[in-house]
Amino acid sequence: MDVIIVGAGIGGLTLGLALYRAGIPCRIYEAASAIEPIAVGINVLPHATRELAELGLEPALARVGVTTAEACFFNRFGQLIYREPLGREAGYAWPQFSLHRGDLQQVLADAFVRRAGADHLITGRRCVAFEQTADRVTVHFESAATGARLPPQHGAIAIASDGIHSTIRKQLYPDEGEPIYSGYNMWRGVTRWPRFLSGASMVRAGWLATGKMVIYPIRNDIDYQGSQLVNWVAEIETPRHEMRDWNRPGALADFVGAFKDWRFDWLDVPAMIGAAEVILEFPMVDQDPLPRWSFGRVSLLGDAAHPMVPRGSNGAGQAIVDARALADCLYATENRVAALRAYEDMRREATANVVRTNRTNPPDAILREVYLRTGDRPFDDIDAVISRDELVAISESYKRVAGYDHDTLAARK
Ligand SMILES: Cc1cc2nc3c(=O)[nH]c(=O)nc-3n(C[C@H](O)[C@H](O)[C@H](O)COP(=O)(O)OP(=O)(O)OC[C@H]3O[C@@H](n4cnc5c(N)ncnc54)[C@H](O)[C@@H]3O)c2cc1C
């Protein structure tokens with residue numbers, strides 16, 4: 001019997017590809033009627049690009065995205081705090097990619113359909129519930145278009161990769177409640193813009209109390225002038241937030257004031273965000289780590305298992321690493337229930353650490369330290385504010401937690 005995968009997002013599709021490679025049959029059921037390039041940017045770091053490269057996807061990703069070269073941290077006055085190389089530039093055997101989420105999803109979906117067959121990716125089916133016996137699981141679906149009940153599907157196991165609002169997680173934890181608001185609201189968008197800095201720089205600037213921005217290009221050469229599609233996220237501390245879907249439109253007037261003076265020699269931020277093609281608003285949310293993921297023949301993966309605030313570029317990456325771990329566990333034993341327990345042992349505490357660290361000390365802790373030590377004023381000499389060793393220590397410590405420091409990657413077989 002097949003593995004039933006619920007949700008064809010980044011995690012579900014990667015799992016489908018990893019299972020296909022391991023010779024384990026699966027079917028993916030997706031609520032959306034088609035895989036469409038909605039939403040905005042996403043970063044995939046070397047621990048995750050390694051898994052995608054092993055699935056043969058590196059050339060396709062390099063074609064659609066930007067191979068990220070460096071991270072730059074600035075204060076809100078545009079002064080450089082810290083710069084470090086990323087991906088291959090940092091000596092990894094795998095690149096870091098900055099991508100449109102839709103492009104990443106499309107690369108995965110195309111590869112899955114080409115390899116496994118179009119009949120293994122079934123769209124327009126919304127999972128509404130599951131039940132299980134000792135030897136099989138049954139997943140119930142309705143038509144996403146009409147709400148009509150559809151025939152239930154039977155499988156050996158079911159994996160919930162249905163994202164932050166996972167139906168299966170809700171069935172397992174009915175009293176958990178809605179995702180937890182971090183106190184920071186996000187406005188996200190994409191703008192067609194000339195190359196800035198290296199043309200492959202990931203910028204974090206400012207601080208959450210007064211307004212922070214994350215800015216990076218996600219598509220190269222989108223016109224004949226060499227412009228890029230630039231992804232940006234404005235993050236501001238505010239009690240105001242509304243939990244809706246990933247594609248809720250946002251209004252420029254609600255946040256542009258925080259960035260009105262951000263006209264730097266390396267980028268005119270208000271002009272760039274003012275020229276946005278699309279603006280979306282989304283609260284920064286997560287959930288507390290769960291005590292258990294695997295229940296008999298059902299388990300959780302990706303955001304369904306460990307939704308995290310997006311302050312470490314790791315939501316998609318951890319989902320991709322989950323997929324690899326789960327495929328390895330299923331390959332290692334015919335006992336599906338034992339495999340799901342082994343997968344949980346490998347990944348639950350590891351990802352809980354990322355969830356907790358994203359709340360407290362993600363890479364942008366660099367910005368917080370400088371904000372606090374300078375009293376939010378320009379500095380004359382960054383070395384007098386914070387030493388290079390301290391900056392490196394903050395950055396390296398997050399890499400260890402998220403599993404993309406050089407030692408962890410070298411140790412993984
Ligand atoms: C539309 C969308 C836009 C996003 N935009 C961004 C972004 O711009 N930047 C960013 O950093 N992260 C974004 N994310 C989140 C990011 O993709 C995830 O954090 C990360 O990739 C983890 O992947 P996942 O596969 O666990 O979950 P997701 O990528 O969220 O995928 C979940 C999938 O399950 C499907 N699904 C949900 N409920 C059901 C159901 N009941 N039955 C069947 N299928 C279901 C969804 O349609 C989706 O395709 C977005 C997610 C989605 C769904």
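Residues numbered from 1 in each chain as written. Predicted model: local features only at pLDDT ≥ 70, side-chain atom pairs only at ≥ 80, totals over all residues. Heavy atoms only, no water.

A.B. asks: Provide a residue-level description of the state of the cysteines, including the pertinent values.
C.D. replies: By the definition in use, this model includes 0 disulfides. Lacking any disulfide linkage, Cys26 is separated from the closest cysteine sulfur, that of Cys127, by 16 Å. (Disulfide = S-S within 2.5 Å.)

A.B. asks: Go over the site of the ligand, please, and point to the residues and values.
C.D. replies: For the ligand, the set of nearby residues contains 31 residues, the closest of which are Gly11, Glu30, Arg101, Arg188 and Asp303. One nitrogen or oxygen atom from the main chain of Ala31 is found 3.1 Å from a nitrogen atom belonging to the ligand. The contact in question runs from a nitrogen atom of the ligand to an N or O atom on the side chain of Arg188, over 2.4 Å. Relative to its free-state accessible area of 910 Å², the ligand is covered by the protein chains to the extent of 87%. Elements supplying a minimum of two residues to the shell around the ligand: helix H1 (10-22), strand S3 (41-44), helix H4 (101-116), strand S9 (125-132) and helix H7 (315-332). Taken together, the residues of the shell around the ligand break down into 13 nonpolar, 11 polar and 7 charged. (Near = heavy atom within 4 Å. Polar contact = N/O pair within 3.5 Å; in protein donor to acceptor, adjacent residues only side chain to side chain. Areas by Shrake-Rupley, 256 points an atom, 1.4 Å probe, with all protein chains shown as cover. Helix = DSSP H or I, 4+ residues; strand = E, 2+ residues; numbered from the N terminus. Nonpolar A, V, L, I, M, F, W, Y, C, P; charged D, E, K, R; others polar.)

A.B. asks: Describe in detail H4, supporting the description with residues and values.
C.D. replies: Between the first and last C-alpha of H4 there are 22 Å, a value that for 16 residues agrees with the 22 Å anticipated at 1.5 Å per step. One or two positions beyond H4, positive phi appears at Gly117, with a value near 105°. (Expected span 1.5 Å × (residues − 1).)

A.B. asks: Lay out the side chain of Asp103 with the relevant residues and their values.
C.D. replies: For Asp103, the location among the structural elements is in helix H4. Residue classification places Asp103 among the buried positions, given a relative accessible area of 13%. Side-chain polar atoms of Asp103 contact the side chain of Arg219, separated by 2.8 Å. Other than its neighbours up to four places away in sequence, Asp103 contacts Val64 and Arg219. (Buried < 20%, exposed > 50% of the residue type's maximum accessible area, 1.4 Å probe, protein only. Contact = heavy atoms within 4.5 Å.)

A.B. asks: Just give me the short version of the sheet that holds strand S5 (residues 70-74), but keep the residues and values in it.
C.D. replies: With mixed pairing, 7 strands are arranged side by side in an open sheet as S6-S5-S14-S15-S16-S13-S17. In this open sheet, the two edge strands, each paired with only one partner strand, are strand S6 (80-85) and strand S17 (278-286). Strand after strand, the sheet turns through a mean of 20° between neighbouring axes, direction not considered. Relative to S17, strand S13 (residues 180-193) runs antiparallel, the two sharing 8 bridges. Each bridged residue has a counterpart across the sheet, and for Met186 the counterpart in S17 is Phe282. Against the sheet, helix H9 (residues 365-374) makes contact with S5, S6, strand S14 (201-207) and strand S15 (211-219), and its axis sits at roughly 35° relative to S14, the strand it touches most. (Pairing = 2+ DSSP bridges. Axes fitted to C-alpha atoms, helices over the stretch in contact; angles between N-to-C directions.)

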